[in-house]
Amino acid sequence: MGRLSRVIVLVISSSALLLLAGVSRAGDIKGKVTVQGIKSAEDIAVYVDAVPGKKFDAPAEHVVIDQKKMTFVPHVTVIMQGTTVDFLNSDPVGHNVYWPSISGNKKLAHNMGTWPQGQKKSFQFSDLGAAPLLCNVHPEMSGYAVIVPTPYFAITDKEGNYTIKNVPPGHYTMLTWSEEGKPTTQSVDVNAGTATVDITVKK
Amino acid sequence: MKLRASSVCMSAILIVVGTVFWILVSTPRASAIPAFSRKYQTSCSTCHNNYPELNDFGEAFKKNGFKFPKDDELFVKELPVLLGAKAQKEAFPGAIFPGEIPGSLPIAFRYSGNFSWNAKQPQALQATAFVPQTDLFVPNTFTIISAGSFGQNLAFWVDDDISAGGTGAGGGLGDGYLRYNDLGHIFHLPKNALNVRFGQFELDLPFTQARSIYPSAYDVFSETAVAQPSTTPGQTVFQTTNNSFMLGTPQRGIEFGGYPNNGNFTWSVAIVDGTNSAYGLDSSLTARNTKDVYVRVSQRFNLERDPESRNAVQAAGPSGPRDHTSIRFGAFYYHGQNQLNYGGSQFSFLGTIDEPFYRTGGDVRFKYRKMELFGVGLVGHDNNHSVDTAAQTITNAPAVTYTGGFAGSNFWIYPWLIAYMRYDFVNSPTDFANGVSEYQTRNRFSPGFQVLVRANIKVIGEYQYHWGQPYIDPATGNTLFFRPNAFVGGIDYVF
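Cut-off values and rules
Residues numbered from 1 in each chain as written. Chains lettered and ligands numbered in written order. Predicted model: local features only at pLDDT ≥ 70, side-chain atom pairs only at ≥ 80, totals over all residues. Helix = DSSP H or I, 4+ residues; strand = E, 2+ residues; numbered from the N terminus. Contact = placed C-beta atoms within 7 Å. Rg over C-alpha atoms; globule rule 2.2 N^0.38 Å. Buried ≥ 20, exposed ≤ 12 C-beta atoms within 10 Å, placed from the backbone. Domains from an automatic or database assignment. Nonpolar A, V, L, I, M, F, W, Y, C, P; charged D, E, K, R; others polar. Core = buried A, V, L, I, M, F, W, Y, C linked by C-beta atoms within 7 Å. pLDDT = per-residue confidence, 0-100. Pairing = 2+ DSSP bridges. Axes fitted to C-alpha atoms, helices over the stretch in contact; angles between N-to-C directions.

(A) Spatial organisation of the overall build of chain B. Counting its secondary structure elements, chain B contains eight helices and 28 strands. Counting contacts in chain B only where the partners sit at least 6 residues apart, residues at least 24 apart contribute 59% of the total.

So, in structure tokens, the structure goes:
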């Protein structure tokens, strides 16, 4: 191989290495949510708040919320603003989905109507906030759709653990939403690797 | 029209009228079953639009033997206790056929207590049939209810008023029966075309009295046939008809029935003991040698435009499932034979006196969105005799007849706020001749409201505008009439 060729290979390799280094700098945010005055740390939404100057496209893929055995499945669903949700009825009884408000704003109330088993109806959530999902013929049923501004979100497991993946480096504000607890705010700096943020949610 | 009558006769009439009123306001109500709420972990409003009244889903649930109309096992949150593995069916008759019982005791309780404000009585009435102007928590009823299924085909219901009227001892069994669902399957009939139940039960009336939402009973269902309520000294000629049978009283017997065609057509034939000692309150209600028969048919026309909605258990409304828009027509016929003078107890020179009777009528119910309109028309007829104790003879006498019915409407202003209006009437020439009312037709208007404070707690209010009740004016001896109007308010809760 001539001298020029070796230089070219060296430049290309270095560029590739630098590129790889740039990609791997996106990090994860993980942690544990503990609760005070609330029964369970499960189903708490943890998400990155809106980033000034940054706009995110809503995902094309729909999210499914099912009604099964007279229960909303999953109970809490976190979606990015602009996502379309498919409400499916898997029960052999008539169901209904409606929400009386989104984060208390009654102007955003909506009723999806009724549809039989095996069918679905879709709705695109364009407003931020939490929509309590109800069924007007089975009042004990409840679920939540939590609409957040960025694609960086997660929901806690039974132990309160969460992981938000592939967050670009930067300084962010993290928020929580919980059915029974008050919202919390926490700052986080994300670099390459994992940032650990433990949060306490209170009633 | 003013009548002169002896004070003894008037007292008897007042007692009869007072008993009628007592029955009207203290009809035992066996009803909602929160045990099902617990079994399925679902709200009362899944089956009830205003408990104990059932919505379309609740009707389907009840007709299916107290199970969800489809895939019941998917919704049961309390697993039953198996009394034998399902495979034991194959071992039968070498083993007891396997069954099941509810996982936890399916018990529910209901309390209802009413406050009543009554129109002030004339003094003459106070002496013989005093009703206070205000009465707190009367009737005061505590009911225990148990119902459920023993597997796929067997269902049961028991309800008992443990205490009523504040006495603690005036309660009694309402319904207590076992039902076998879909007996027709054995004969390859469509599903639920033939069911059978036996025990004690309210007849398949067009509108239930035992599980009515109203604090007062339907007047015509409480009507009896009495030719003459009392006798006067020296009287030798007597009218015999004395039939205390009431259509609304639970009966003991066996009933065959079915709900083919998606429950749109219903039929039932019941063979019952007839008059029975309901609640042990009235010793004159005794069994007879004869058995009575009750037949009812009804056809509901589902008026939903969408075929899929028409065939579903509930219609698909724009804001959620709702009852179907529908109109239902029905007819019923009750035939019995009252028997008097067993062993010559009344007239020693006569044997048993047989007096056939019937009650027949039709009904209609229309449902549209938040409104319900309904009505019943009924004719009663009792054979009658005239006994002359002096001549020791018995001859046919004009039958004791009456007509009557009711009509009303319910309107759901909100899912928790219901307004209603009901009109009851009974046209009884015999009652009028006996001085029970001012006119031949007794009317009553009853507007009311019900507030579902919670799905299992109600506050109710009903105003009753009554017909004129007779009394003797002590000053003149003339018969005057007063309207015992009343306002009934109350609380009602189940758990």
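(B) Summary view of the overall build of chain A. Counting its regular elements, chain A contains one helix and 17 strands. Relative to the globule expectation of 17 Å for 203 residues, the C-alpha radius of gyration of chain A, 21 Å, shows a markedly less compact shape. Here the C-alpha coordinates of chain A stretch approximately 80 × 40 × 30 Å along the principal axes. A total of 203 residues make up chain A; the buried ones form 33% of that total. Across chain A, every contact between residues at least 6 apart in sequence was considered, and the portion connecting residues at least 24 apart equals 64%.

(C) Local environment of the domain arrangement of chain A. Residues and elements named next belong to chain A. When its domains are assigned, chain A resolves into domain 1 (26-52 + 155-203) and domain 2 (57-148). Relative to domain 2, the C-alpha centre of domain 1 lies at a distance of 23 Å. Across the boundary between the two partners, domain 1 contributes six residues, which contact seven residues of domain 2. Partitioned by chemical class, the residues of the side of domain 1 that touches domain 2 number four nonpolar, no polar and two charged.

(D) Looking closely at the nonpolar core. Counting residues in each nonpolar core, the largest one holds 48 residues, and the members touching the most others are Ala45, Val46, Ala145, Val146, Phe153 and Ile164 of chain A. A total of five residues in this core trace back to one element, the largest contributor, which is strand β11 (residues 142-148) of chain A. Residue contributions to this core reach at least three from each of two domains, namely domain 1 (26-52 + 155-203) and domain 2 (57-148) of chain A. When near neighbours in sequence (up to four residues on either side) are disregarded, Val146 of chain A contacts Ala45, Val76, Val78, Ala130 and Trp177 of chain A. One finds Phe36, Phe61, Phe66 and Trp157 of chain B within the second-largest nonpolar core, a separate group that totals 28 residues.

(E) Broad picture of the confidence of the model for chain B. Residues and elements named next belong to chain B. On average, chain B scores 85 in pLDDT, and the residues at 70 or more come to 89%. pLDDT under 50 marks residues 1-32. Its contacts with residues more than four places away, or in other chains, come to 70 contacts. Note on residues 276-283: pLDDT is under 50 here. Beyond four places in sequence and across chains, it has 14 contacts. Per the prediction output, this complex has pTM 0.82; the corresponding ipTM is 0.73.

(F) Representation of unusual backbone geometry within the structure. Following Val73 of chain A, the chain continues into Pro74 of chain A via a peptide bond in cis, with omega recorded as -5 degrees. As for its placement among the helices and strands, Pro74 of chain A is situated in the loop between β4 (71-73) and β5 (76-80). For the bond from Tyr51 of chain B to Pro52 of chain B, the omega torsion is 5 degrees, close enough to zero to count as cis. Take Pro52 of chain B: it is sitting in the loop between β1 (48-50) and β2 (53-54). Positive phi values are uncommon outside glycine, yet Asn192 of chain B reaches one of about 60 degrees. Along the chain, Asn192 of chain B turns up in the loop between β9 (172-180) and β10 (195-201). Its identity is not glycine, yet Asn262 of chain B carries a phi of approximately 60 degrees, on the positive side. Mapped onto the fold, Asn262 of chain B is located in the loop between β14 (251-258) and β15 (265-272). Under the C-beta neighbour-count criterion, Asn262 of chain B is labelled partly exposed, with 17 such atoms within 10 Å.

(G) View of the sheet that holds β4 of chain A. Residues and elements named next belong to chain A. Spatially, β4-β3-β6-β9 is the arrangement adopted by the four strands of the open sheet, whose pairing is mixed. The strands lining the two open edges of the sheet, one partner per strand, are β4 and β9 (120-124). Shown here is a sheet whose adjacent strand axes are inclined to one another by a mean of 20 degrees, direction ignored. Bridging between strand β3 (residues 63-68) and β4 involves three bridges; their strand directions are antiparallel. Counted as the bridge partner of Gln67 is Phe72 from β4.

(H) Representation of the interface of chain A and chain B within the structure. Taken together, the contact between chain A and chain B spans 17 residues of the former and 20 residues of the latter. Across the side of chain A that touches chain B, the residue classes tally to eight nonpolar, seven polar and two charged.

(I) Examining the sheet that holds strand β14 (residues 170-177) of chain A more closely. Residue and element names in this part refer to chain A. Taken in spatial order, the four strands of this open sheet run β12-β2-β14-β15, and their pairing is antiparallel. The sheet is open, and its two borders are formed by β12 (153-155) and β15 (185-190), each paired with just one other strand. For this sheet, the mean inter-axis angle between neighbouring strands, taken without regard to orientation, is 25 degrees. With four bridges joining them, strand β2 (residues 45-48) and β14 adopt antiparallel strand pairing. Bridge pairing in β14 places Tyr47 opposite Leu175.

(J) Up close: helix α3 (residues 56-63) of chain B. Residues and elements named next belong to chain B. The buried fraction of α3 amounts to seven of the eight residues, a majority that puts the element mostly inside the structure. Looking at the buried side of α3, the elements it contacts are β1 and β2. Of the residues flanking the end of α3, it is Gly65, one or two places downstream, whose phi is positive at about 75 degrees.

(K) Representation of the environment of Phe130 of chain B in the model. All names here are of chain B. Its place among the elements puts Phe130 in the loop between α6 (123-128) and β6 (134-135). Looking at Phe130, the number of C-beta atoms within 10 Å reads 9, which means it is exposed. Residues Phe130 and His48, 82 residues apart in the sequence, show an inter-C-alpha distance of 38 Å.

(L) Focus on the pairing of strand β7 (residues 95-99) of chain A. Residue and element names in this part refer to chain A. By the criterion of burial, β7 is predominantly enclosed, with four of the five residues buried. Pairing geometry for β7 and strand β8 (residues 110-115), over four bridges, is antiparallel. Among the inter-strand pairings, Trp99 is bridged to a residue of β8, identified as His110.

(M) The arrangement of the confidence of the model for chain A in detail. Per-residue confidence for chain A gives a mean pLDDT of 89, with 91% of residues at or over 70. Contacts of residues 20-24 of chain A to residues separated by more than four positions or lying in other chains number one contact, the stretch itself having pLDDT below 50.

(N) Looking closely at the environment of Ala210 of chain B. Residue position: Ala210 of chain B is located in the loop between β10 and β11 (225-226). Sequence-wise, Ala210 of chain B and Ser326 of chain B are 116 residues apart; in three dimensions their C-alpha atoms are separated by 24 Å.

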